[in-house]
Amino acid sequence: MPLETPARIVRELARRGYNAEREAVTLLAGATDPATALDAAVEAAPDDALRLTAAHARSAVERADGATAADATADDSPTETQSTPTAEATTADATSSADTPSTSSPDTPNEHPSVSTPDPTSQTETRSEDAPVETEGSNSSSWTRTDATSEGAPPDPIDIVGDVTGRSTGTGEYGDFVSVFRDRYEKLSGQLRGRVNHRPTSAVADMAGGSDVAMIGLVNDVRSSANGHWIVELEDTTGTFPCLITKDRDIAGLVDELLLDECVAVEGTLADDAGIVFVDALHFPDVPRTYEPSTADRHVQAALISDVHVGSQEFMADAWHRFADWLHTDEAEAIEYLLIAGDMVEGVGVYPDQDEELDIVDIYDQYERFSEYLKEVPGDLDIVMIPGNHDAVRLAEPQPGFDEELRNIMSAHDPRIVGNPATVTIEGVSILMYHGVSLDEVIAELPEEKASYDDPHHAMYHLLKKRHVAPKYGGHMRLAPEEQDYLVIEDVPDVFHTGHVHKLGYGKYHNVLSVNSGCWQAQTEFQKSVNIDPDVGFAPIIDLDTLDLTLRKFA
Ligand code: D5M
Ligand code: FE
Ligand code: ZN
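Note that this is a predicted model, so its numbers are computed, not measured.

1. Looking at the coordination of the zinc ion (ligand 3)
Line of reasoning, step 1. Within the protein, the zinc ion (ligand 3) binds to D343 (OD), N389 (OD1), H435 (NE2) and H500 (ND1); these donor distances fall in the range 2.2 to 2.3 Å.
Line of reasoning, step 2. Within one chain, the residues donating to the zinc ion (ligand 3) are spaced in sequence as D-x45-N-x45-H-x64-H.
Line of reasoning, step 3. The distance between the zinc ion (ligand 3) and the iron ion (ligand 2) is 3.2 Å, with D343 acting as a donor to both metals. Placement of the pair is D343 in the loop between β11 (335-341) and α8 (363-375) and N389 in the loop between β12 (382-386) and α9 (404-409), with a sequence separation of 46 residues.

Written out as structure tokens, the structure is:
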């Protein structure tokens, strides 16, 4: 096949089992006869190499071009590599998907992320091979990297925390549920403790009627009273206690965003008979308004995607090719990281009648194919991936990263495979990656103006406000009982990345850039039946030095 574009070269290499560094592809594309150069490069690569390096390509191009030059005519100048893919940079329409300040978001987050087309002059910077020094003390997950160039290699720029992979202890017994909720309470009440002078629920019943009182508890029940007030029952480790929120108070407007099992604090006055607390103030663990995110100290970018769904008949291969192709261009030079927030493949048996829309019916074959698509992206990109509900790991959250067999299938690109959720710190920027199944729950439970499929980032804001990625247990959300609650957002992330709902949305909540990254799967029959109109083929790109976001569209 003619090899006139980087994408074609990459695909040909992928077909032969190789993943390639960007520079290698550029060199091959610039050869007089790319096909011969590619053959020579593959031949020259060591048998056990999975990645074709620039060095392999350079010597192959020199040899191939030398051979061609001998019998070449004078006008055989090297063909240019370019035939730029049609990546569209968008200044994303602030009225549709970007966050518009409105009363609908929790605590009216009021900041737009700056979204822009890339400044061409800022892309001229050369790639630095020196990764910044990472802070120590990570409880890094169990993956190991075997980097061929590990001798004198720079310190690893990626650090992972909060990942259950290799640490799951849950046996599924009742006692584990007690532990996980106790840990949730400990962690989240710890975040609220400094703000209220709380008493255990068991002690409140013994206090004198009329006392000022504060409590911290998990929401156990929310019901309305006969005259339209709200009764919120809180539970802590000592028992439960009812709290009354009267309908005419401002805080009554917060009741419709309460989810069962989330942790809140209340302040108020104990009734004369000490049987209920009249609530004056309701506090969420939340993110401080003054939160100052960390940024990278050099110009480097990360592409955020999710929901690839390889194996589905609706997987948009052409859009993927355009994306992978674009990643090899100068415009994408600063992109050194690719983050994938779950649903790599379509999976099997995920939803009723799903098999009717499968292109690849075997789950391992789906991962094989996914791995082929992954080989199209530059080999020098660092890839981090978490599983989603379509992936071949347990459905209950937290989900561990892929097992050995699947890791081997995807080894060509040596991706960082971590659990869902996980916090990945890249060049000093902490990114909370979570697939997003609980977003369905938040959207179903909250009123339309507070969370909807059209504004998935608003639903994300509520998770940040509750400092938990999946507060409500039951419904869509399956919880794996563990000794600790990995789903608590212990430290405020600088970036929050989710997927799952197949809608694009982004905005800042108290300075935390929240991105739901759309999908690579066209509308399925099910989605058609429930009017889900997916946002397909988008790649939000984040500048890690400024946390600005650029939107690229490939479909
Ligand atoms: O989820 C994609 C989105 O579509 C997410 O919001 C769930 C929803 N979805 C898709 N199929 C179904 C079925 N059959 N039942 C309920 N909800 C569904 P994804 O995880 O990619 O399938
Ligand atoms: Fe999905
Ligand atoms: Zn999903």
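After that view of the structure, there is still more to cover.
2. As for the coordination of the iron ion (ligand 2)
Line of reasoning, step 1. Within the protein, the iron ion (ligand 2) binds to D307 (OD), H309 (NE2), D343 (OD) and H502 (NE2); these donor distances fall in the range 1.9 to 2.3 Å.
Line of reasoning, step 2. Along the chain, the residues that donate to the iron ion (ligand 2) are spaced as D-x1-H-x33-D-x158-H.
Line of reasoning, step 3. Taking relative accessible area as the criterion, D307 reaches 0% and is therefore assigned buried.
Line of reasoning, step 4. Classification of D343 by relative accessible area gives buried; the value is 1%.

3. Quick notes on unusual backbone geometry
Line of reasoning, step 1. The peptide bond linking E397 to P398 adopts the cis configuration, its omega dihedral lying at 5°.
Line of reasoning, step 2. The linkage connecting N420 with the following residue, P421, adopts the cis geometry, with an omega of 0°.
Line of reasoning, step 3. Following the sequence through the fold, P421 ends up in the loop between β13 (416-417) and β14 (422-426).
Line of reasoning, step 4. Positive phi, close to 55°, is recorded for D286, a residue that is not glycine.
Line of reasoning, step 5. The topology assignment puts D286 in the loop between β9 (277-283) and β10 (301-305).
Line of reasoning, step 6. Of note in this structure, H502 is not a glycine but carries a positive phi near 65°.
Line of reasoning, step 7. Looking at where H502 falls in the secondary structure, it is placed in the loop between β16 (495-498) and β17 (504-509).

4. Looking at the sheet that holds strand β6 (residues 230-236)
The strands making up a sheet associate through hydrogen bonds between their backbones, and the pairing can be parallel or antiparallel.
Line of reasoning, step 1. The mixed closed barrel is built from five strands, whose spatial order is β5-β6-β7-β9-β8. Averaged over all adjacent pairs, the angle separating strand axes in this sheet is 55°, with direction ignored.

5. A word on the site of ligand 1
Line of reasoning, step 1. Around ligand 1 sit 14 residues in total, of which Y351, H390, D440, H502 and F526 are the nearest.
Line of reasoning, step 2. At 3.1 Å, a side-chain N or O of H309 approaches an oxygen atom of ligand 1.
Line of reasoning, step 3. When ligand 1 is considered free in solution it has 460 Å² of accessible area, and contact with the protein chains removes 86% of it.

6. Some details on the environment of L464
Line of reasoning, step 1. Its place among the elements puts L464 in helix α11 (residues 456-466).
Line of reasoning, step 2. Each C-alpha atom of the pair L464 and V287 lies 6.7 Å from the other, and the pair is 177 residues apart in sequence.

7. Looking at the sheet that holds strand β15 (residues 429-433)
Line of reasoning, step 1. Read from one edge of the open sheet, six strands run β4-β14-β15-β16-β18-β17, paired in mixed fashion. For this open sheet the edge positions go to β4 (158-161) and β17, each flanked by a neighbour on one side alone. Between one strand and the next, the sheet's axes are offset by a mean angle of 20°, whatever the strand orientation.
Line of reasoning, step 2. Strands β16, β17 and β18 (512-517) of the sheet are contacted by α11, whose axis makes an angle of about 40° with β17.

8. Notes on the nonpolar core
Nonpolar side chains in soluble globular proteins tend to be buried together.
Line of reasoning, step 1. Judged by nonpolar contacts, the single largest core of 39 residues is most densely connected at V469 and F496.
Line of reasoning, step 2. When contributions to this core are tallied by element, the ones reaching two or more residues are α5 (174-193), β5 (212-224), β8 (263-270), α10 (437-445) and α11.
Line of reasoning, step 3. A domain split of this core shows at least three residues from each of domain 2 (151-168 + 298-553) and domain 3 (193-283).
Line of reasoning, step 4. Those residues in contact with F496 that lie beyond four places of it in its chain are L432, Y434, M460, L463, L464, V469, V512, L513, S514 and V515.
Line of reasoning, step 5. Of all hydrophobic cores here, the second largest spans 36 residues; its members include A332, Y373, V377 and W520.

9. Remarks on the side chain of E257
Line of reasoning, step 1. Residue position: E257 is located in the loop between β7 (239-245) and β8.
Line of reasoning, step 2. A distance of 2.8 Å separates a polar atom in the side chain of E257 from a polar atom in the side chain of K450.

10. Observations regarding the side chain of E441
Line of reasoning, step 1. Mapped onto the elements of the fold, E441 is located in helix α10.
Line of reasoning, step 2. By relative accessible area, which is 5% here, E441 ends up buried.
Line of reasoning, step 3. In contact with E441, not counting residues within four places along its chain, are K472, G474, G475, H476 and M477.

11. Describing the packing of aromatic side chains
Line of reasoning, step 1. Per the stated rule, a full pass over the model turns up twelve aromatic pairs.
Line of reasoning, step 2. Relative to F402, the ring of Y367 has its centre 5.5 Å away and its plane inclined at 65°; by these criteria the two rings are edge-to-face. Residue Y367 is located in helix α8, and its partner F402 is located in the loop between β12 and α9; the two are separated by 35 residues in the primary sequence. Each member of the pair, Y367 as well as F402, is classed as buried.
Line of reasoning, step 3. Taken together, W320, F323, W326, W520 and F554 form an aromatic cluster joined through their ring pairs.
Line of reasoning, step 4. One residue, K465, lies across the ring of F284, its end atom 4.5 Å from the ring centre.

12. Notes on the packing of helix α1 (residues 6-15) against helix α2 (residues 22-29)
Line of reasoning, step 1. Taken N-terminus to C-terminus, the directions of α1 and α2 make an angle of 110°; their axes are 9 Å apart at the nearest point. Here α1 is positioned roughly perpendicular relative to α2, judged by the angle of their axes. Relative to α2, α1 is oriented so that their crossing is right-handed. Packed against α1, whose contacting residues are P6, I9, V10 and L13, the element α2 presents V25, L28 and A29 at the interface.
Line of reasoning, step 2. For the contact of α1 with α2, a count of residues per class yields seven nonpolar, no polar and no charged.

13. What to know about the pattern of salt bridges
Opposite charge on two side chains permits pairing when their charged atoms draw close.
Line of reasoning, step 1. The final tally for this structure, using the stated rule, is 23 salt bridges.
Line of reasoning, step 2. When the shortest N-O distance is used, the salt bridge between D183 and K187 registers 2.7 Å. One end of the pair is D183 and the other is K187, both in helix α5 and four residues apart, which spans about a single turn. Of the two residues, D183 and K187, both sit in the buried class.
Line of reasoning, step 3. Where K528 meets E525, a salt bridge forms, and the shortest distance between an N and an O atom there is 3.4 Å.

The rules we used
Residues numbered from 1 in each chain as written. Chains lettered and ligands numbered in written order. Predicted model: local features only at pLDDT ≥ 70, side-chain atom pairs only at ≥ 80, totals over all residues. Heavy atoms only, no water. Donors = N, O, S within 2.8 Å, 3.2 Å for Na, K, Ca; no water. Helix = DSSP H or I, 4+ residues; strand = E, 2+ residues; numbered from the N terminus. Buried < 20%, exposed > 50% of the residue type's maximum accessible area, 1.4 Å probe, protein only. Pairing = 2+ DSSP bridges. Axes fitted to C-alpha atoms, helices over the stretch in contact; angles between N-to-C directions. Near = heavy atom within 4 Å. Polar contact = N/O pair within 3.5 Å; in protein donor to acceptor, adjacent residues only side chain to side chain. Areas by Shrake-Rupley, 256 points an atom, 1.4 Å probe, with all protein chains shown as cover. Contact = heavy atoms within 4.5 Å. Core = buried A, V, L, I, M, F, W, Y, C linked by side-chain atoms within 4.5 Å. Domains from an automatic or database assignment. Phe/Tyr/Trp six-rings, centres within 6.5 Å; stacked < 30°, edge-to-face > 60°. Lys NZ or Arg CZ within 6 Å of the ring centre and 35° of its normal. Parallel < 35°, antiparallel > 145°, perpendicular 65-115°, else oblique. Left-handed = near helix turned anticlockwise from the far one by under 90°. Nonpolar A, V, L, I, M, F, W, Y, C, P; charged D, E, K, R; others polar. Salt bridge = Lys/Arg side-chain N within 4 Å of Asp/Glu carboxyl O.

As far as function goes, none of this settles anything; it's purely spatial.
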